[in-house]
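Below, each chain spelled out in residue letters.
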Amino acid sequence: MLTPRIDRGEIGQCNICQSQRCDLSWEHVPPQGSVFLSRVDIRLLFQRAVGKEGDVCISQNGVKFRTVCRGCNSSIGRYDRALIEFTQDVRRFVETDLAVPPVVKITTRPTALARAVIGHLLAAKITADESVFDDKLRRCVLDA
C-alpha cells in the first residue's frame, strides 16, 4: 500500500535551492488549510505526483513531501496565506447553492499566490531537476 508522502530521508538535495546536503523538512502539497481533500482527492493527487497507481494510506495531514530544506520551506510558507485565502474564496463560490454571477471578483495578492503555487509544485517533484524552466521557477520563489 502506498503512503501519501515522499520521503527522501532527513538529509538530501533541496528541490528549490538545490543545496546538496541539507536537512529536508516536510512540505504539505497543497498547504494545510487551502483545500479540504477527500480520500479520493488525496489518492488522485498522490498518484499524479508520483506516477503510481494503487491504494494510498490516507493520513490526517494530507499529502506530504520531504523534498525541500527548512529555509525553502519557510520561503514557500511566506506565500501560503495568499494561496489559502484565494482557495477559500473560490470554494465559497463553487460550493454555494445560490446562483453564481457570471463574473466573480476575488481580491488576492497575485505575486504571492503565484509564488506559493510554484513553490508547492517544485516541492512535489520526486527529483530536483536541473532544467532551464525549473531554474526560472526556483528564482521566482527565492527572490522575495
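Above this text sits the structure in question.
Every chain is numbered independently, its residues counted from 1 as its sequence is written. Local features in this predicted model are restricted to residues whose pLDDT is 70 or higher, and side-chain atom pairs enter the listing and the counts only when it is 80 or higher, whereas totals over whole chains, interfaces and linings include all residues. Remark: hydrogens and water are excluded; side-chain values derive from all non-hydrogen atoms of the structure.

Asker: What is the right way to look at the pairing of strand β4 (residues 64–69) in this model?
Answerer: Consecutive side chains of a regular strand alternate in pointing toward one face of the sheet and then the other. Under the scheme applied here, a residue whose accessible area is under 20% of the maximum for its type counts as buried, over 50% as exposed, and between as partly exposed, the area being computed with a 1.4 Å probe on protein chains only. Each helix corresponds to a stretch of at least 4 residues labelled H or I by DSSP, and each strand to a stretch of at least 2 residues labelled E; elements are numbered beginning at the N terminus. For β4, the tally of buried residues reaches 6 of 6 residues, placing the bulk of the element in the interior. One ladder, built from 5 bridges, connects strand β3 (residues 22–28) with β4; its direction is antiparallel. Pairing of Ser25 across the sheet is with Val68, part of β4. Here, a strand pair is defined by DSSP locating no fewer than two bridges between the strands.

Asker: Explain the packing of helix α3 (residues 110–123) against helix α4 (residues 132–142) here, please?
Answerer: The relative placement of two packed helices is expressed as an angle between their axes plus a distance between the axes. Every axis corresponds to a line fitted to the C-alpha atoms, with the helix fit spanning only the stretch in contact, and the corresponding angles, defined between N-to-C directions, vary from 0 to 180 degrees. Across the interface, α3 lies against α4 with an axial gap of 9 Å and an inter-helix angle of 130°. Taken together, the axes of α3 and α4 lie oblique to each other. Like other packed secondary-structure pairs, α3 and α4 cross with a definite hand, here left-handed. Here Arg115, Ile118, Gly119 and Leu122 of α3 lie close against α4, whose contacting residues are Asp134, Leu137, Arg138, Cys140 and Val141. The residue classification treats Ala, Val, Leu, Ile, Met, Phe, Trp, Tyr, Cys and Pro as nonpolar and Asp, Glu, Lys and Arg as charged. All others, Gly included, are polar. When its residues are assigned to classes, the contact of α3 with α4 shows 5 nonpolar, 1 polar and 3 charged. Orientation is classified from the angle alone, with under 35 degrees giving roughly parallel, over 145 giving roughly antiparallel, 65 to 115 giving roughly perpendicular, and any other angle giving oblique. The sense of a crossing depends on the near helix, which, turned anticlockwise from the far helix by less than a right angle, makes the crossing left-handed and, turned clockwise, makes it right-handed. Any pair of residues with heavy atoms lying within 4.5 Å of one another is described as a contacting pair.

Asker: Please clarify how the nonpolar core should be interpreted in this entry.
Answerer: Generally speaking, nonpolar side chains in soluble globular proteins are found buried as a group. Cys14, Ile16, Val68, Cys72, Leu122 and Val141 are the most contacted members of the largest nonpolar core, which totals 17 residues. When sequence neighbours within four positions are dropped, the list of residues in contact with Val141 reads Ile16, Ile76, Arg78, Tyr79, Arg115, Ile118, Gly119 and Leu122. In terms of nonpolar packing, the next biggest core, distinct from the first, is built from 6 residues, Ala82, Ala112, Leu113 and Ala116 among them. Take the buried Ala, Val, Leu, Ile, Met, Phe, Trp, Tyr and Cys residues and link them wherever side-chain atoms come within 4.5 Å; each set so joined is a nonpolar core.

Asker: Where do I start with the side chain of Gln13 in this structure?
Answerer: With respect to the secondary-structure elements, Gln13 resides in the loop between β2 (11–12) and β3. For Gln13, a relative accessible area of 19% gives the class buried. Excluding anything up to four places from it in sequence, Gln13 contacts Arg8, Gln18, Ser19, Gln20, Leu24, Thr67 and Ala128.

Asker: Looking at this model, I keep getting lost on the pairing of β3. Mind explaining?
Answerer: By the criterion of burial, β3 is predominantly enclosed, with 5 of the 7 residues buried. Where β2 lies against β3, 2 bridges are found, and the strand directions are antiparallel. Along β3, the bridge assignment pairs Ile11 with Asp23.

Asker: Looking at this structure, I do not really get a nonpolar patch on the surface. What am I missing?
Answerer: Residues Phe93, Val100 and Val104 make up a contiguous nonpolar surface patch of roughly 200 Å² in combined accessible area. Within the secondary structure, Val104 is located in the loop between α2 (70–94) and α3. With a relative accessible area of 33%, Val104 lands in the partly exposed category. Like-charged residues are merged into a patch within 9 Å and nonpolar side chains (Val, Leu, Ile, Met, Phe, Trp, Tyr) within 5 Å, provided each residue has over 30% relative accessible area and no salt bridge. Reported accessibility uses the Shrake-Rupley method at a 1.4 Å probe radius. Residues are deemed covered only where the shown protein chains occlude them. Each reported salt bridge corresponds to a side-chain nitrogen of Lys or Arg within 4 Å of a carboxyl oxygen of Asp or Glu.

Asker: Before we go on, may I ask you to explain α4 in this structure?
Answerer: Each turn of an α-helix holds 3.6 residues, which means side chains three or four residues apart point in the same direction. Along α4, the residues that are buried comprise Asp134, Leu137, Arg138 and Val141. With its buried residues spanning 105° around the axis, α4 presents them on a single face. Exposed positions of α4 whose direction lies more than 90 degrees from the buried face are Val132 and Arg139. Looking at the buried residues of α4, the elements they touch are α2 and α3. Directions from the helix axis toward the C-beta atoms define the arc.

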